[in-house]
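Overview (structure and organization)
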Amino acid sequence: MNNFEIEFSSEVPKYLQISNHIQKLIDDNFLIDGEKLPSIRKLSKMLIVNEVTVVSAYKKLEAEGYAYQKMGSGTYAKRRDINIKFKKEYSNTLKKISGHSLKNYVDFTGEITSSEFFPVAVFKDVLNEVLDRDGTEAFAYKESLGYEGLRNSISSFFWDNKVSSEDILILSGAQQGIDILSKSIINIHDNVVVEKPTYGGALTVFKWRRANIFEVDMLEDGINLTQFEEILKKNKIRCFYAMSYFQNPTGASYSLDKKLRILEFAELYDFYIVEDDYLSELIYDNKVYKSFKSLDVNDRVIYIKSFSKIFLPGIRLGYMISPEKLKEHIQNSKINTDISTSSLMQRALDLYINKDLWKEHISHLNMVYKEKYNFMIECIEKKLHCKVSYYKPGGGIHFYFKIDATLNINAMELFYRCKDRKVLITPGILFYKNAQEGNNYFRLSFSEIRKDKIEEGIRIISEILSCK
């Protein structure tokens, strides 16, 4: 309690001095994230001020993101989101390198398949066929859940009719799905668990909902279950957000044993699993992968899938499968968000799937990306293996690296030095609730780069790391 003692100045209102003092305690790590602050009565007695003064100080802390309240429990310290500063720096830098000038860079930041593999000509023929077949109906907004033909195709092609088309909700991409479920099931100060590190877009949504976010370390075969259960025992968790295949950014995939154990936890501790199926189609090893949803016997999984990463990003299509208890609420939230996703694109994707063109497209992607994946590993082993640690994901489109501590360089410094030499990387700070925890990590994606550029880029990164 000695940390809370203040020598008041007569020139500044006391509630501001209390608020500023507690902010400094949080920024300087004398108060950790989630630590309970003294009660209003206790702090007012200790500082010899009116209780109203302490109430005003705590309200100011809440308004500025330094505290939150738990009803009936008290006020708790909260570290401010310093990721915002780093994200702005990163995004502003990339914005300056846009359009034509980007062609002069080796760009390891891509998160979609290369445009050279987009089935533009084939999809154009499919679009024309849909227009000839359906006419003006192709543009109609009639079905709130999405085009019935596409929902039926998803049910039969991807789920062997084990999921009803009535349980499938068509989305305008996975990000919309995360946003919709967040609005549907997460209230202010609800507790959410995420992987550490995790997809920055999901972190942003949960923070926007003012949820309390708990992180669990990501290992090569999924999250640390001991950490996870400790959180579950001490807190009422609303949902757990997971990327089950080739997680972004680590590339890790969950083992079958861990998936089954997490599903048991979901039933035991009464929470939902939000499964973001990121890149389950791009598999280069011989392992058998099963989604949380396919193993779910207690209706605990909210499954989200995007077609944008591996097909045509511009069509902005995905889908969600919701538990029965949440289905109506989530569907209503989608309707309130945008009424309907593009009818024409839904019909075209449905026809594309039914012509077996989807199967051909994925087969081709696996062939070309497996070759790129193996080439990437060769380059890493030749140039980077002594300077970073990493593991081989067995699929997906990226690798995640930890910089050797002896090199005395952090991720943002590496990012700027690489940029100066026309190489773009993704610093790990973007994937953590507390940005500084990602300062020793970076991600490289090989999805949109030719093999000669991959080799050149890794050579330059190696040279920069050698200079330190």
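In the block above lies the structure referred to throughout.
All figures in this text were calculated on a predicted structure; none of them were measured in a lab. (Residues numbered from 1 in each chain as written. Predicted model: local features only at pLDDT ≥ 70, side-chain atom pairs only at ≥ 80, totals over all residues. Heavy atoms only, no water.)

1. Quick word on the sheet that holds strand β4 (residues 168-171)
Keep this limit in mind: Strands were regarded as paired on the criterion that DSSP finds at least two bridges between them. Per the convention used, a helix needs a DSSP run of H or I reaching at least four residues, while a strand needs a run of E reaching at least two, with both numbered from the N terminus.
The 8 strands lie next to each other as β4-β11-β10-β9-β8-β5-β6-β7, forming an open sheet whose pairing is mixed. Looking at strand neighbours, the two that pair on one side only are β4 and β7 (222-223), the edges of this open sheet. Of the strand pairs in this sheet, strand β5 (residues 191-196) and strand β8 (residues 237-242) are connected by 4 bridges, and their pairing is parallel. Paired with N191 across the two strands is I237, which belongs to β8.

2. So, the packing of helix α14 (residues 357-383) against helix α16 (residues 451-466)
Formally: Geometry is summarised by axes, namely lines fitted to C-alpha atoms with helices restricted to the contacting stretch, and by angles between N-to-C directions that run from 0 to 180 degrees. Each angle gets one of four labels, with under 35 degrees taken as roughly parallel, over 145 as roughly antiparallel, 65 to 115 as roughly perpendicular, and the rest as oblique. If you view the pair so one helix is near and one far, a crossing is left-handed when the near helix is turned anticlockwise from the far one by less than a right angle, and right-handed when it is turned clockwise. Any two residues whose heavy atoms approach within 4.5 Å are treated as being in contact. Throughout, the ten residues Ala, Val, Leu, Ile, Met, Phe, Trp, Tyr, Cys and Pro are labelled nonpolar, Asp, Glu, Lys and Arg are labelled charged, and all others, Gly among them, are labelled polar.
The N-to-C vectors of α14 and α16 enclose an angle of 25°; their axes lie 10 Å apart at closest approach. Considered as vectors, α14 and α16 are oriented roughly parallel to each other. Handedness of the α14/α16 crossing: right-handed. Judged by residue contacts, E371, K372, F375, M376, C379, I380 and K383 of α14 engage K451, I454, E455, I458 and S462 from α16. A class-by-class count of the residues in the contact of α14 with α16 yields 6 nonpolar, 1 polar and 5 charged.

3. Quick notes on the sheet that holds strand β16 (residues 441-445)
Within the open sheet, the 4 strands sit side by side as β12-β13-β16-β15. Their pairing is antiparallel. Only two strands of the sheet have a single neighbouring strand rather than two, namely β12 (388-389) and β15 (426-427). Note that strand β13 (residues 398-403) and β16 share 5 bridges and pair antiparallel. Its bridge partner being in β16, Y400 is matched across the sheet by R443.

4. Some thoughts on the packing of aromatic side chains
The line we're drawing: To pair, rings of Phe, Tyr and Trp, with the six-membered ring standing in for Trp, must have centres within 6.5 Å; the planes then decide the type, stacked if under 30 degrees apart, edge-to-face if over 60, and tilted in the middle. Relative accessible area decides the class of each residue, using a 1.4 Å probe on protein chains only: under 20% of the type maximum gives buried, over 50% gives exposed, and in between gives partly exposed.
A complete count under the given rule lists 30 aromatic pairs for this structure. Ring plane angle 85° and centroid distance 6.0 Å describe the contact between F158 and W358, whose orientation is recorded as edge-to-face. Here W358 lies in helix α14 and F158 lies in helix α6 (residues 148-159), a separation of 200 residues in the sequence. Look at F158 and you get partly exposed, because its relative accessible area is 26%.

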